[in-house]
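Coordinate analysis (summary)
Each chain is listed here by its residues.
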Amino acid sequence: MDATREAEQIVTIEAARAYVASMAQRKPFDLDAPNVGQLLGHLMSAEVLLMKIANAFGEGL
């Protein structure tokens, strides 16, 4: 494995970890009356992170 690819993998995984850690500091969702915009934003962010992880590990979508 080349150093550039390994660095990309590390940066990508750390970005995902930071995103998950930041979720713990945010106000919890109100499941009885969810904020659809906020939920959509989280889902889109998660999707982007998953695509970056897949690319970094050679499983491009």
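Here's a quick rundown of the structure. (Residues numbered from 1 in each chain as written. Predicted model: local features only at pLDDT ≥ 70, side-chain atom pairs only at ≥ 80, totals over all residues. Heavy atoms only, no water.)

When the terminal C-alpha atoms of helix α1 (residues 3–25) are compared, their 33 Å separation across 23 residues agrees well with the 33 Å that a helix rising 1.5 Å per residue should span. Where α1 is concerned, the buried positions are Gln9, Thr12, Ala16, Tyr19 and Ser22. Of the surrounding elements, those touching the buried residues of α1 are α2 (36–56). The opening residue of α1, the one whose side-chain oxygen lies 3.1 Å from the backbone nitrogen of Thr4, is Asp2. (Helix = DSSP H or I, 4+ residues; strand = E, 2+ residues; numbered from the N terminus. Expected span 1.5 Å × (residues − 1). Buried < 20%, exposed > 50% of the residue type's maximum accessible area, 1.4 Å probe, protein only. Contact = heavy atoms within 4.5 Å. Polar contact = N/O pair within 3.5 Å; in protein donor to acceptor, adjacent residues only side chain to side chain.)

Our focus in this paragraph is the packing of α1 against α2. The contact between α1 and α2 brings their axes to 9 Å, and the two run at 160°. Judged by the angle between their axes, α1 and α2 are roughly antiparallel. Considering the relative orientation of α1 and α2, their crossing is left-handed. Listed contacts from α2 to Arg5, Glu8, Gln9, Thr12, Ile13, Ala15, Ala16, Tyr19 and Met23 of α1 are His42, Ser45, Leu49, Lys52, Ile53, Asn55 and Ala56. Split by residue class, the contact of α1 with α2 holds eight nonpolar, five polar and three charged. (Axes fitted to C-alpha atoms, helices over the stretch in contact; angles between N-to-C directions. Parallel < 35°, antiparallel > 145°, perpendicular 65-115°, else oblique. Left-handed = near helix turned anticlockwise from the far one by under 90°. Nonpolar A, V, L, I, M, F, W, Y, C, P; charged D, E, K, R; others polar.)

We now examine α2. Between its first and last C-alpha atoms α2 spans 30 Å; for 21 residues at 1.5 Å apiece the expected length is 30 Å, and the two agree. Along α2, the positions that sit buried rather than exposed are His42, Leu49, Ala54 and Ala56. Projected down its long axis, α2 shows its buried positions confined to an angular sector of 160°, all on one face. Projecting away from the buried face of α2 at angles above 90 degrees are the exposed residues Val36 and Leu43. Those residues of α2 hidden inside the fold are in contact with α1. Of the residues flanking the end of α2, it is Gly58, one or two places downstream, whose phi is positive at about 80°. (Arc of directions from axis to C-beta.)

Turning next to the pattern of salt bridges. In total, this model carries one salt bridge according to the counting rule given. The partner of Glu14 in a salt bridge is Arg17, with the nearest N and O atoms 2.8 Å apart. Placement of both Glu14 and Arg17 in helix α1 is noted, with a separation of three residues, approximately one turn of the helix. Judged by its relative accessible area of 40%, Glu14 falls in the partly exposed class. You can call Arg17 exposed: its relative accessible area is 53%. (Salt bridge = Lys/Arg side-chain N within 4 Å of Asp/Glu carboxyl O.)

Scope: geometric values only; no functional claims are made or implied.
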